[in-house]
Amino acid sequence: MSQKEENSDYLNNLKNKIGNHSSFEVPKGYFDSLSNKVGSLIEKEALEGISEVNSKAGFEVPKGYFDTLQEKVNTKKSEGKVIRLFSLKSLSYAATILAIIGVSVFFLTQNQETSINPEIETRLLAANLSNEIEAFENIGVTEFFDNISTVDLALDDEIDFEEEVNIEEVIEEDNVVKEIIEEEITTEDIDIDIIDFSEDFELF
Amino acid sequence: MEVTDKEILTLFNEGQENLAFNKLMQKYQERVYWHIRRMVLRHEDADDVIQNTFVKAWKGLGNFREDSNLYTWLYRIATNETITFINKNKKQAGTSIDEVAHILEAQKDDHYFTGEEIEIKLHQALSTLPEKQRLVFNMKYFDDMKYDDIAKVVGGTVGSLKASYFHAVKKIEAFVTKGVTI
């Protein structure tokens, strides 16, 4: 059935008279300038987003921190040049491993009345460490993609996300995501330690 | 020759996002504007809503799937923005018959509406329809859209949309010929 057949005579006559826009008007040159207006809005939003991310990124500092920072730096400068033996990244890995081992030793010694063969204990620690690291890595990746989903959901009403997202493809195609994840979970030294421990398993 | 949706999306995916977006706006801004304007009536309100619509489109264009249609996708964003606007501004959006007449008369003063009494009556009749029915009527009556495409914008089956349009026509007819709402 055509639209004309669906309409009453009144509506058909009216349509012939008023056309598709009814009798609404717009200011002269409105559509010539609309894309510039939208462009400015987008640029403004983008700049606001960038300045917000750059300025704080969600972190806070103690009150008055920046008032005393210059003084602190000057004091350090006058103490002489500090030579860093390890990179901060290496130190953070080492600190994480030590903390996990420490906590594991604490719980193992608290919960077990009988003494354990030191080598078994080492293996248990290694297994525990491996689980901890795996959990840490998985949480990191999951949270990252949770955040992406949150952004996408803002437009969920407009976009029909019927296709499931293949996480591996996303990582492969998105260099930024790839770099973040690689930086977060590449811990070659730790992996080597774990492999070494498991190779000794046959001894028992 | 008018740029195709595929050309717009290719430009966007090749990193020429701004050029692609400009072409998208040039192609669709007027159609999308009238879709909004017929719902909100005032030019100033339509101007706000269309800007929000295209800002959302810009943000979502990277996620746009090529098996969809840019035209209906934009209409859907515009519809959501329009309904959001109307819900936020119930008092201004012409919820009563008298308010519609008042808004249109005021638009006449600014030369943003040049319709005669019969058209004011049509818009008054439209204001008596539920929002979804009004959207369906507008897209069918003014835009000559296919029911398949209307379904992509507001949801529903083709059958339900046909019924909705039929009811809208009957209600409008009753209002303009007999002055009654049914």
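The notes below deal with the structure included here. (Residues numbered from 1 in each chain as written. Chains lettered and ligands numbered in written order. Predicted model: local features only at pLDDT ≥ 70, side-chain atom pairs only at ≥ 80, totals over all residues. Heavy atoms only, no water.)

1. As for the overall build of chain A
- Looking only at helices and strands, one finds nine helices and zero strands in chain A.
- Relative to its full complement of 204 residues, chain A shows a buried share of 19%.
- Summing over all exposed atoms, chain A offers an accessible surface of approximately 15,800 Å²; the carbon and sulfur share of this is 55%. (Helix = DSSP H or I, 4+ residues; strand = E, 2+ residues; numbered from the N terminus. Buried < 20%, exposed > 50% of the residue type's maximum accessible area, 1.4 Å probe, protein only. Areas by Shrake-Rupley, 256 points an atom, 1.4 Å probe, with all protein chains shown as cover.)

2. Regarding the packing of helix α6 (residues 117-127) of chain B against helix α9 (residues 158-178) of chain B
Residues and elements named next belong to chain B.
- In the contact formed by α6 and α9, the axes pass within 9 Å of each other and the chain directions differ by 135 degrees. The orientation of α6 with respect to α9, classified from their angle, is oblique. Relative to α9, α6 is oriented so that their crossing is right-handed. Taking contact as the criterion, the partners of K121, L122, Q124, A125 and L126 in α6 are, on α9, I172, F175 and V176. (Axes fitted to C-alpha atoms, helices over the stretch in contact; angles between N-to-C directions. Parallel < 35°, antiparallel > 145°, perpendicular 65-115°, else oblique. Left-handed = near helix turned anticlockwise from the far one by under 90°. Contact = heavy atoms within 4.5 Å.)

3. Structural notes on unusual backbone geometry
All names here are of chain B.
- Of note, L41 is a non-glycine position whose phi angle comes to about 75 degrees, a positive value.
- Checked against the element boundaries, L41 lands in the loop between α2 (17-40) and α3 (43-60).
- Residue classification places L41 among the buried positions, given a relative accessible area of 2%.
- One non-glycine residue, D144, lies in positive phi territory at about 55 degrees.
- Note that D144 resides in the loop between α7 (131-141) and α8 (147-154).
- Residue D144 is classed as partly exposed on the basis of its relative accessible area of 46%.

4. Digging into the packing of aromatic side chains
- By the definition in use, this model includes 14 aromatic pairs over all chains.
- Between Y30(A) and F31(A), the aromatic rings sit 5.1 Å apart at their centres with planes inclined by 70 degrees, giving edge-to-face as the arrangement.
- Grouping aromatic residues by their ring pairs yields a cluster made of Y30(A), F31(A), Y33(B) and W34(B).
- Here K15(A) stacks its cationic end above the ring of Y141(B), 5.4 Å away from the centre of that ring.
- Above the ring of Y71(B), the side-chain terminus of R31(B) is found at 5.2 Å from the ring centroid. (Phe/Tyr/Trp six-rings, centres within 6.5 Å; stacked < 30°, edge-to-face > 60°. Lys NZ or Arg CZ within 6 Å of the ring centre and 35° of its normal.)

5. Considering the pattern of salt bridges
- Using the criterion set out here, one finds nine salt bridges over all chains in the structure.
- D144(B) is paired through a salt bridge with K15(A); the nearest N and O atoms lie 3.2 Å apart. Of this pair, D144(B) sits in the loop between α7 and α8 while K15(A) sits in helix α2 (residues 9-18), which puts the two residues in different chains.
- Overall, K15(A) belongs to the buried group, its relative accessible area being 14%.
- Close ionic contact of K152(B) with D149(B) constitutes a salt bridge, the shortest N to O distance being 3.8 Å. In this pair, K152(B) and D149(B) both sit in helix α8, three residues apart, roughly one turn of the helix. (Salt bridge = Lys/Arg side-chain N within 4 Å of Asp/Glu carboxyl O.)

6. Remarks on the environment of E25(A)
- Looking at the secondary structure, you find E25(A) in the loop between α2 and α3 (30-55).
- Overall, the relative accessible area of 32% leaves E25(A) in the partly exposed class.
- Sequence-distant contacts of E25(A), defined by excluding residues within four places in its chain, comprise Y33(B), W34(B), R37(B), H111(B), Y112(B), F113(B) and T114(B).

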